Amino acid sequence: MTDTVAVTGGNGRIGRSLLEHLDSEGYRTVNLSRGKRDEDHSDAYLTTDLLDAGEVYGSLAKSDADAVVHLGTLGTPNTTPGYRTYESNVMSSYHVLEAAGELGIDTVALASSFSAIGGGFEPEPITVDYLPVDEDHRLTPANPYGLGKQTLEVAADGFARRPSDAPTTITSLRFPWVVDEAMARDAFVETDQSLDGIRAAENFHAQRNTLFTYAMMVDVVDLIRQTVDADFEGHERVWVSAPDTCADVPTRELVDEIYPDAQIRGDLDGHAALVDTAKAQTLFDWTPERSWRDLA
(Lines give C-alpha, C1' and ligand atoms only; values in the text may rest on other atoms or scores of the structure.)
Protein backbone atom coordinates (compact mmCIF):
# COMPACT_ATOMS: atom_id res chain seq x y z
CA MET A 1 0.00 0.00 0.00
CA THR A 2 1.21 3.48 -0.84
CA ASP A 3 1.54 5.72 2.19
CA THR A 4 4.04 8.38 1.08
CA VAL A 5 4.25 9.99 -2.35
CA ALA A 6 7.19 12.12 -3.45
CA VAL A 7 6.22 14.70 -6.07
CA THR A 8 8.95 16.42 -8.07
CA GLY A 9 8.03 19.86 -9.27
CA GLY A 10 5.42 20.22 -6.58
CA ASN A 11 5.67 24.02 -6.84
CA GLY A 12 4.20 23.91 -10.35
CA ARG A 13 0.57 24.34 -11.28
CA ILE A 14 -0.20 20.63 -11.62
CA GLY A 15 2.14 19.77 -8.75
CA ARG A 16 0.36 22.01 -6.26
CA SER A 17 -3.03 20.67 -7.24
CA LEU A 18 -1.77 17.10 -7.00
CA LEU A 19 -0.25 17.61 -3.56
CA GLU A 20 -3.52 19.09 -2.29
CA HIS A 21 -5.48 16.19 -3.77
CA LEU A 22 -3.15 13.56 -2.33
CA ASP A 23 -3.37 15.23 1.08
CA SER A 24 -7.16 15.16 0.93
CA GLU A 25 -6.97 11.43 0.14
CA GLY A 26 -4.83 10.72 3.21
CA TYR A 27 -1.36 10.31 1.68
CA ARG A 28 1.80 11.73 3.23
CA THR A 29 3.44 13.94 0.62
CA VAL A 30 6.96 15.25 -0.01
CA ASN A 31 7.64 18.06 -2.47
CA LEU A 32 10.98 17.83 -4.30
CA SER A 33 11.63 21.17 -6.01
CA ARG A 34 14.44 23.65 -6.45
CA GLY A 35 12.28 26.76 -6.46
CA LYS A 36 10.95 28.81 -3.57
CA ARG A 37 10.41 26.73 -0.46
CA ASP A 38 6.70 25.93 -0.15
CA GLU A 39 5.43 23.66 2.62
CA ASP A 40 1.82 24.81 2.45
CA HIS A 41 0.92 22.09 -0.05
CA SER A 42 2.88 19.13 1.31
CA ASP A 43 3.94 17.46 4.55
CA ALA A 44 7.63 17.97 3.76
CA TYR A 45 9.74 19.97 1.31
CA LEU A 46 13.19 18.97 0.06
CA THR A 47 15.13 21.43 -2.09
CA THR A 48 16.32 19.30 -5.01
CA ASP A 49 18.12 19.96 -8.29
CA LEU A 50 16.57 17.25 -10.44
CA LEU A 51 19.47 17.38 -12.89
CA ASP A 52 21.86 16.35 -10.11
CA ALA A 53 21.81 12.56 -9.66
CA GLY A 54 23.13 12.77 -6.11
CA GLU A 55 20.53 15.26 -4.99
CA VAL A 56 17.72 13.21 -6.50
CA TYR A 57 18.98 10.06 -4.77
CA GLY A 58 19.46 11.85 -1.44
CA SER A 59 16.07 13.54 -1.48
CA LEU A 60 14.20 10.38 -2.42
CA ALA A 61 16.05 8.45 0.27
CA LYS A 62 15.17 11.09 2.86
CA SER A 63 11.56 11.26 1.71
CA ASP A 64 11.00 7.57 2.53
CA ALA A 65 8.56 7.47 -0.38
CA ASP A 66 6.61 4.47 -1.62
CA ALA A 67 5.91 6.12 -5.00
CA VAL A 68 7.26 9.01 -7.06
CA VAL A 69 5.38 11.34 -9.40
CA HIS A 70 7.88 13.15 -11.60
CA LEU A 71 6.46 16.49 -12.76
CA GLY A 72 9.62 18.54 -12.34
CA THR A 73 10.53 19.30 -15.95
CA LEU A 74 10.32 22.40 -18.12
CA GLY A 75 6.75 23.02 -19.22
CA THR A 76 7.58 24.53 -22.63
CA PRO A 77 10.62 24.86 -24.93
CA ASN A 78 10.21 28.60 -25.26
CA THR A 79 12.45 29.90 -22.47
CA THR A 80 15.60 27.77 -22.71
CA PRO A 81 18.06 26.59 -25.36
CA GLY A 82 17.08 23.33 -27.00
CA TYR A 83 19.66 21.22 -25.22
CA ARG A 84 18.48 22.47 -21.84
CA THR A 85 14.88 21.61 -22.70
CA TYR A 86 15.89 18.12 -23.80
CA GLU A 87 18.10 17.67 -20.73
CA SER A 88 15.29 18.68 -18.40
CA ASN A 89 12.94 16.06 -19.79
CA VAL A 90 15.43 13.23 -20.23
CA MET A 91 18.08 13.42 -17.53
CA SER A 92 15.76 14.35 -14.69
CA SER A 93 13.55 11.37 -15.59
CA TYR A 94 16.58 9.07 -15.77
CA HIS A 95 17.78 10.23 -12.35
CA VAL A 96 14.34 9.62 -10.83
CA LEU A 97 14.06 6.15 -12.34
CA GLU A 98 17.58 5.17 -11.33
CA ALA A 99 17.26 6.46 -7.77
CA ALA A 100 13.83 4.86 -7.32
CA GLY A 101 15.22 1.52 -8.47
CA GLU A 102 18.22 1.69 -6.15
CA LEU A 103 16.04 2.69 -3.20
CA GLY A 104 13.40 0.02 -3.75
CA ILE A 105 10.64 2.49 -4.66
CA ASP A 106 8.32 0.32 -6.74
CA THR A 107 6.08 2.88 -8.44
CA VAL A 108 6.99 5.85 -10.66
CA ALA A 109 4.73 8.08 -12.76
CA LEU A 110 6.41 10.27 -15.38
CA ALA A 111 5.10 13.43 -17.01
CA SER A 112 5.22 12.71 -20.70
CA SER A 113 3.27 14.89 -23.08
CA PHE A 114 1.09 15.17 -26.13
CA SER A 115 4.28 16.46 -27.74
CA ALA A 116 5.74 12.94 -27.78
CA ILE A 117 3.56 12.19 -30.79
CA GLY A 118 5.04 15.08 -32.77
CA GLY A 119 2.39 17.74 -32.20
CA GLY A 120 2.54 20.43 -29.61
CA PHE A 121 5.41 22.75 -30.44
CA GLU A 122 6.19 21.49 -33.93
CA PRO A 123 6.21 24.22 -36.62
CA GLU A 124 4.68 21.90 -39.22
CA PRO A 125 1.19 20.34 -39.13
CA ILE A 126 0.91 17.20 -37.03
CA THR A 127 1.14 13.78 -38.68
CA VAL A 128 -2.15 11.99 -38.08
CA ASP A 129 -2.50 8.48 -39.46
CA TYR A 130 -5.80 7.65 -37.77
CA LEU A 131 -8.29 9.02 -35.26
CA PRO A 132 -8.77 8.82 -32.42
CA VAL A 133 -5.07 8.37 -31.71
CA ASP A 134 -4.06 5.71 -29.20
CA GLU A 135 -0.80 4.48 -27.71
CA ASP A 136 0.09 2.58 -30.91
CA HIS A 137 0.13 5.68 -33.12
CA ARG A 138 3.59 6.42 -34.49
CA LEU A 139 5.66 9.20 -32.93
CA THR A 140 7.24 11.86 -35.13
CA PRO A 141 8.65 14.61 -32.85
CA ALA A 142 11.45 16.84 -34.15
CA ASN A 143 11.72 19.68 -31.62
CA PRO A 144 13.77 19.34 -28.40
CA TYR A 145 10.71 19.24 -26.15
CA GLY A 146 8.92 16.47 -28.04
CA LEU A 147 12.13 14.51 -28.55
CA GLY A 148 12.78 14.68 -24.84
CA LYS A 149 9.34 13.32 -24.02
CA GLN A 150 9.75 10.46 -26.47
CA THR A 151 13.21 9.71 -25.08
CA LEU A 152 12.08 9.57 -21.46
CA GLU A 153 9.50 6.99 -22.51
CA VAL A 154 12.25 4.94 -24.21
CA ALA A 155 14.35 5.19 -21.06
CA ALA A 156 11.40 3.92 -19.03
CA ASP A 157 11.15 0.94 -21.40
CA GLY A 158 14.77 0.14 -20.61
CA PHE A 159 14.33 0.33 -16.86
CA ALA A 160 11.29 -1.94 -17.13
CA ARG A 161 13.48 -4.56 -18.81
CA ARG A 162 15.95 -4.65 -15.94
CA PRO A 163 15.74 -7.81 -13.82
CA SER A 164 16.44 -5.82 -10.65
CA ASP A 165 17.23 -2.34 -9.32
CA ALA A 166 14.32 -0.76 -11.16
CA PRO A 167 10.77 0.30 -10.30
CA THR A 168 8.21 -2.44 -10.82
CA THR A 169 5.47 -0.14 -12.13
CA ILE A 170 6.22 2.81 -14.43
CA THR A 171 3.58 4.96 -16.10
CA SER A 172 4.28 7.64 -18.71
CA LEU A 173 1.31 9.98 -18.76
CA ARG A 174 0.90 11.84 -22.03
CA PHE A 175 -0.64 15.08 -20.81
CA PRO A 176 -2.38 17.57 -23.08
CA TRP A 177 -2.91 21.15 -21.95
CA VAL A 178 -4.24 20.85 -18.40
CA VAL A 179 -6.67 23.58 -17.34
CA ASP A 180 -8.53 24.51 -14.20
CA GLU A 181 -12.02 25.98 -14.30
CA ALA A 182 -10.84 29.60 -14.58
CA MET A 183 -8.49 28.75 -17.45
CA ALA A 184 -11.20 26.75 -19.22
CA ARG A 185 -13.68 29.63 -19.00
CA ASP A 186 -11.11 32.08 -20.36
CA ALA A 187 -9.82 29.82 -23.15
CA PHE A 188 -13.01 28.08 -24.27
CA VAL A 189 -16.24 29.44 -22.80
CA GLU A 190 -15.44 33.11 -23.45
CA THR A 191 -13.98 32.63 -26.94
CA ASP A 192 -15.45 31.71 -30.29
CA GLN A 193 -14.89 27.95 -30.59
CA SER A 194 -16.89 27.59 -33.77
CA LEU A 195 -15.03 26.32 -36.82
CA ASP A 196 -14.70 29.84 -38.22
CA GLY A 197 -13.58 31.16 -34.84
CA ILE A 198 -11.01 28.39 -34.44
CA ARG A 199 -9.53 29.00 -37.89
CA ALA A 200 -9.26 32.74 -37.20
CA ALA A 201 -7.63 32.34 -33.78
CA GLU A 202 -3.96 33.09 -33.24
CA ASN A 203 -3.49 29.68 -31.63
CA PHE A 204 -5.14 27.73 -34.48
CA HIS A 205 -1.87 25.94 -35.35
CA ALA A 206 -1.36 24.89 -31.72
CA GLN A 207 -4.94 23.66 -31.36
CA ARG A 208 -4.75 21.72 -34.63
CA ASN A 209 -1.41 20.18 -33.66
CA THR A 210 -2.77 18.99 -30.33
CA LEU A 211 -5.97 17.63 -31.86
CA PHE A 212 -8.05 20.18 -29.93
CA THR A 213 -7.27 18.16 -26.81
CA TYR A 214 -7.26 19.37 -23.21
CA ALA A 215 -7.92 17.93 -19.75
CA MET A 216 -9.48 19.36 -16.62
CA MET A 217 -7.18 19.56 -13.62
CA VAL A 218 -9.52 17.69 -11.28
CA ASP A 219 -9.59 14.69 -13.60
CA VAL A 220 -5.82 14.78 -14.13
CA VAL A 221 -4.89 14.72 -10.45
CA ASP A 222 -7.37 11.91 -9.88
CA LEU A 223 -5.67 9.86 -12.60
CA ILE A 224 -2.23 10.52 -11.15
CA ARG A 225 -3.49 9.35 -7.78
CA GLN A 226 -4.61 6.11 -9.42
CA THR A 227 -1.14 5.57 -10.90
CA VAL A 228 0.62 5.68 -7.53
CA ASP A 229 -1.42 2.69 -6.37
CA ALA A 230 -1.13 0.75 -9.65
CA ASP A 231 0.15 -2.83 -9.47
CA PHE A 232 0.88 -3.81 -13.08
CA GLU A 233 4.46 -4.78 -13.95
CA GLY A 234 6.54 -2.94 -16.53
CA HIS A 235 6.16 0.39 -18.31
CA GLU A 236 2.95 1.65 -19.85
CA ARG A 237 2.31 4.76 -21.92
CA VAL A 238 -1.10 6.29 -21.29
CA TRP A 239 -2.96 9.04 -23.12
CA VAL A 240 -4.77 11.66 -21.04
CA SER A 241 -7.68 13.73 -22.34
CA ALA A 242 -11.02 15.24 -21.46
CA PRO A 243 -13.97 13.31 -22.92
CA ASP A 244 -14.45 15.93 -25.64
CA THR A 245 -12.57 18.41 -27.80
CA CYS A 246 -12.22 22.08 -27.00
CA ALA A 247 -14.11 22.90 -30.21
CA ASP A 248 -17.77 23.89 -30.28
CA VAL A 249 -18.38 21.90 -33.45
CA PRO A 250 -19.22 18.20 -33.87
CA THR A 251 -16.07 16.09 -34.01
CA ARG A 252 -16.93 14.48 -37.34
CA GLU A 253 -17.22 17.91 -38.93
CA LEU A 254 -13.98 19.00 -37.26
CA VAL A 255 -12.14 15.97 -38.63
CA ASP A 256 -13.55 16.40 -42.12
CA GLU A 257 -12.35 19.99 -42.21
CA ILE A 258 -9.01 19.79 -40.39
CA TYR A 259 -7.80 16.18 -40.76
CA PRO A 260 -9.38 14.96 -44.01
CA ASP A 261 -6.67 12.36 -44.70
CA ALA A 262 -6.87 10.61 -41.32
CA GLN A 263 -8.39 7.14 -41.15
CA ILE A 264 -11.36 6.94 -38.80
CA ARG A 265 -11.05 3.99 -36.43
CA GLY A 266 -13.40 4.77 -33.59
CA ASP A 267 -16.56 6.47 -32.42
CA LEU A 268 -16.39 10.20 -33.10
CA ASP A 269 -20.02 11.02 -32.42
CA GLY A 270 -20.98 14.29 -30.82
CA HIS A 271 -17.99 16.21 -29.49
CA ALA A 272 -15.91 13.09 -28.80
CA ALA A 273 -12.22 13.58 -28.09
CA LEU A 274 -9.66 12.73 -30.75
CA VAL A 275 -7.51 10.94 -28.18
CA ASP A 276 -8.49 7.46 -27.00
CA THR A 277 -8.25 7.07 -23.20
CA ALA A 278 -9.45 3.45 -23.10
CA LYS A 279 -6.07 2.28 -21.80
CA ALA A 280 -6.37 4.55 -18.76
CA GLN A 281 -9.79 3.01 -18.14
CA THR A 282 -8.35 -0.50 -18.37
CA LEU A 283 -5.27 0.09 -16.20
CA PHE A 284 -6.64 2.51 -13.63
CA ASP A 285 -10.43 2.37 -13.89
CA TRP A 286 -10.25 6.06 -14.86
CA THR A 287 -12.71 7.85 -17.07
CA PRO A 288 -12.55 11.62 -17.68
CA GLU A 289 -15.74 13.24 -16.52
CA ARG A 290 -15.25 17.02 -16.59
CA SER A 291 -15.75 19.17 -19.65
CA TRP A 292 -15.44 22.88 -20.36
CA ARG A 293 -19.03 22.69 -21.60
CA ASP A 294 -20.15 22.17 -18.00
CA LEU A 295 -18.99 25.74 -17.29
CA ALA A 296 -20.89 27.39 -20.14
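Residues numbered from 1 in each chain as written. Predicted model: local features only at pLDDT ≥ 70, side-chain atom pairs only at ≥ 80, totals over all residues. Heavy atoms only, no water.

Bringing the packing of aromatic side chains into the picture now. Within this structure, the stated rule accounts for eight aromatic pairs. Their ring planes at 85 degrees and their centres at 5.1 Å tell us that F121 and Y145 sit as a pair that is edge-to-face. Remark: Y145 occurs in helix α4 (residues 144-161) and F121 occurs in the loop between β5 (107-113) and β6 (130-131); sequence separation between them is 24 residues. Ring plane angle 85 degrees and centroid distance 6.0 Å describe the contact between W177 and F188, whose orientation is recorded as edge-to-face. Of the two residues, W177 sits in strand β8 (residues 177-179) while F188 sits in helix α5 (residues 181-189), which places them eleven residues apart along the sequence. (Phe/Tyr/Trp six-rings, centres within 6.5 Å; stacked < 30°, edge-to-face > 60°. Helix = DSSP H or I, 4+ residues; strand = E, 2+ residues; numbered from the N terminus.)

Moving on: the sheet that holds strand β1 (residues 4-8). Taken together, the seven strands give an open sheet; going across it, the order is β3-β2-β1-β4-β5-β7-β10, and neighbouring strands pair in parallel fashion. A strand with exactly one partner marks an edge of an open sheet, and here the two such strands are β3 (44-47) and β10 (234-239). Direction aside, neighbouring strands of the sheet carry axes that sit 20 degrees apart on average. Pairing of strand β2 (residues 28-33) with β3, which is carried by four bridges, proceeds in the parallel orientation. In the strand pairing of β3, L32 is matched with L46. (Pairing = 2+ DSSP bridges. Axes fitted to C-alpha atoms, helices over the stretch in contact; angles between N-to-C directions.)

As a further point, take the packing of helix α2 (residues 53-63) against helix α3 (residues 82-103). Remark: α2 packs on α3, axes separated minimally by 9 Å, with the N-to-C direction vectors making an angle of 45 degrees. In terms of orientation, α2 and α3 fall into the oblique class. The handedness of the crossing between α2 and α3 comes out as right-handed. Across from A53, V56, Y57, L60 and A61 in α2, the residues of α3 making contact are H95, V96, A99, A100, E102 and L103. Here the residues of the contact of α2 with α3 are counted per class, giving nine nonpolar, one polar and one charged. (Parallel < 35°, antiparallel > 145°, perpendicular 65-115°, else oblique. Left-handed = near helix turned anticlockwise from the far one by under 90°. Contact = heavy atoms within 4.5 Å. Nonpolar A, V, L, I, M, F, W, Y, C, P; charged D, E, K, R; others polar.)

Most of strand β7 (residues 169-175) sits inside the fold, with seven of its seven residues counted as buried. Here β7 shows two buried faces, one formed by T169, T171, L173 and F175 and the other by I170, S172 and R174. As defined by bridge partners, β5 adjoins β7 across seven bridges and the pair is classed as parallel. Bridge pairing in β7 links L110 to S172. Direction of pairing for β7 relative to β10: parallel, over a ladder of six bridges. In the strand pairing of β10, T171 is matched with E236. (Buried < 20%, exposed > 50% of the residue type's maximum accessible area, 1.4 Å probe, protein only.)

Within the largest apolar cluster, 31 residues are counted, with the highest numbers of intra-cluster contacts made by L131, L211, F212, Y214, L254, Y259 and L274. Among the elements of the structure, α5, α6 (195-200), β9 (214-216) and α9 (251-258) are those that each provide at least two residues to this core. A per-element tally of this core places α9 first, with three residues. Not counting the four nearest positions on each side in its chain, L254 is found in contact with L195, F212, T245, A247, V249, Y259 and L274. (Core = buried A, V, L, I, M, F, W, Y, C linked by side-chain atoms within 4.5 Å.)

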